[in-house]
Amino acid sequence: QKWDTLGTFDGPKSGRPHRIMNITRKLTMTGLVVLLIIGATVPGLAQNAGPDEARRVESLSAREMFEEVNRFARDRFSEIEGAGIAVSDELRNETAENQRRLADRCLTLAKSRDGNSGDDLYYIGMLGWISQDFENATAFLARYIDSDSDNRERKQVSRSVMVVMLAVIKLK
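Given the structure is predicted, the values throughout are model-derived calculations rather than measurements.

**A few points about the overall build of the protein chain**
Of the regular secondary structure elements, the protein chain holds seven helices and two strands. Order of helices (α) and strands (β) in the protein chain, N terminus to C terminus: β-β-α-α-α-α-α-α-α. Out of the 172 residues belonging to the protein chain, those deemed buried represent 36%. Accessible surface, the protein chain: about 11,000 Å² in total, of which carbon and sulfur atoms supply 53%.

Right under this line is the structure:
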């Protein structure tokens, strides 16, 4: 008796595979409804965030924006697991896309600020990496590498990320 790749039971003709599939479908639908409810309550994720949320995000430094975007998926999966929902590939992809959109909004806000220098350049570049805006990301990371920052580890991370992004750009 084995489970196949679709999650059905390959055993005696007892009708169990169909019952399992029906239960799985019901759980999936319930999970999607719960995800929609959770998604509507995650700060900064809603398309029409209120004015208080917009002001809060505007007041964040580039580092704080990066940290919020960077922990987004982990926090999201913790909420989902707390609700007892199984994590599927579709859910992972949706969460990654929401994280990318959040990073894109933060990137747009951060790069529009005057006087970005030092560590701000690094964090803006990393927001570009997450949002997959490779042109802006490489530009900000290159400026960071050329800056007078003493943080060798961040400069090396910047170089490594740039190599990957440039390869992706070349492959497009």
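**Section: the environment of Ala103**
Tracing the chain through its elements places Ala103 in helix α4 (residues 89-111). Other than its neighbours up to four places away in sequence, Ala103 contacts Val69, Leu127, Ile130 and Ser131.

**Re the side chain of Lys155**
Take Lys155: it is sitting in helix α7 (residues 152-171). Among buried Asp, Glu, Lys and Arg side chains, Lys155 stands out as unpaired, with Asp150 the closest opposite charge at 6.7 Å. A polar contact of 3.1 Å, which involves the side chain of Lys155, links it to the backbone oxygen of Ile145. In contact with Lys155, not counting residues within four places along its chain, are Tyr144, Ile145, Ser147 and Ser149.

**Here's the deal with α7**
With 20 residues, α7 ought to run about 28 Å at 1.5 Å a step, and its terminal C-alpha atoms sit 29 Å apart, in line with that. What α7 keeps buried is the set Arg154, Lys155, Ser158, Val161, Met162 and Met165. For α7, the angular spread of buried residues about the axis comes to 130 degrees, placing them on one side. Along α7, exposed side chains directed more than 90 degrees from the buried face belong to Arg152, Glu153, Val163, Lys170 and Leu171. Buried positions along α7 lie against α3 (62-82), α5 (119-131) and α6 (134-146). The backbone nitrogen of Glu153 lies 3.2 Å from a side-chain oxygen of the residue at the head of α7, namely Asn151.

**Examining the pattern of salt bridges**
One pass over the full model with this rule turns up nine salt bridges. Arg100 is paired through a salt bridge with Glu97; the nearest N and O atoms lie 2.8 Å apart. With a gap of three residues between them, Arg100 and Glu97 both fall in helix α4, about one helical turn apart. Between Arg101 and Glu97 there is a salt bridge, with its nearest N and O atoms 3.4 Å apart. With Arg101 and Glu97 both in helix α4, this residue pair falls four residues apart, about one helical turn. Overall, the relative accessible area of 31% leaves Arg101 in the partly exposed class. Classification of Glu97 by relative accessible area gives partly exposed; the value is 30%.

**Some details on the side chain of Glu68**
Structurally, Glu68 is set in helix α3. Residue classification places Glu68 among the buried positions, given a relative accessible area of 14%. Leaving out residues up to four positions away in the same chain, Glu68 has contacts with Arg56 and Leu60.

About the criteria used
Residues numbered from 1 in each chain as written. Predicted model: local features only at pLDDT ≥ 70, side-chain atom pairs only at ≥ 80, totals over all residues. Heavy atoms only, no water. Helix = DSSP H or I, 4+ residues; strand = E, 2+ residues; numbered from the N terminus. Buried < 20%, exposed > 50% of the residue type's maximum accessible area, 1.4 Å probe, protein only. Areas by Shrake-Rupley, 256 points an atom, 1.4 Å probe, with all protein chains shown as cover. Contact = heavy atoms within 4.5 Å. Lys, Arg positive; Asp, Glu negative; His and termini not counted. Salt bridge = Lys/Arg side-chain N within 4 Å of Asp/Glu carboxyl O. Polar contact = N/O pair within 3.5 Å; in protein donor to acceptor, adjacent residues only side chain to side chain. Expected span 1.5 Å × (residues − 1). Arc of directions from axis to C-beta.

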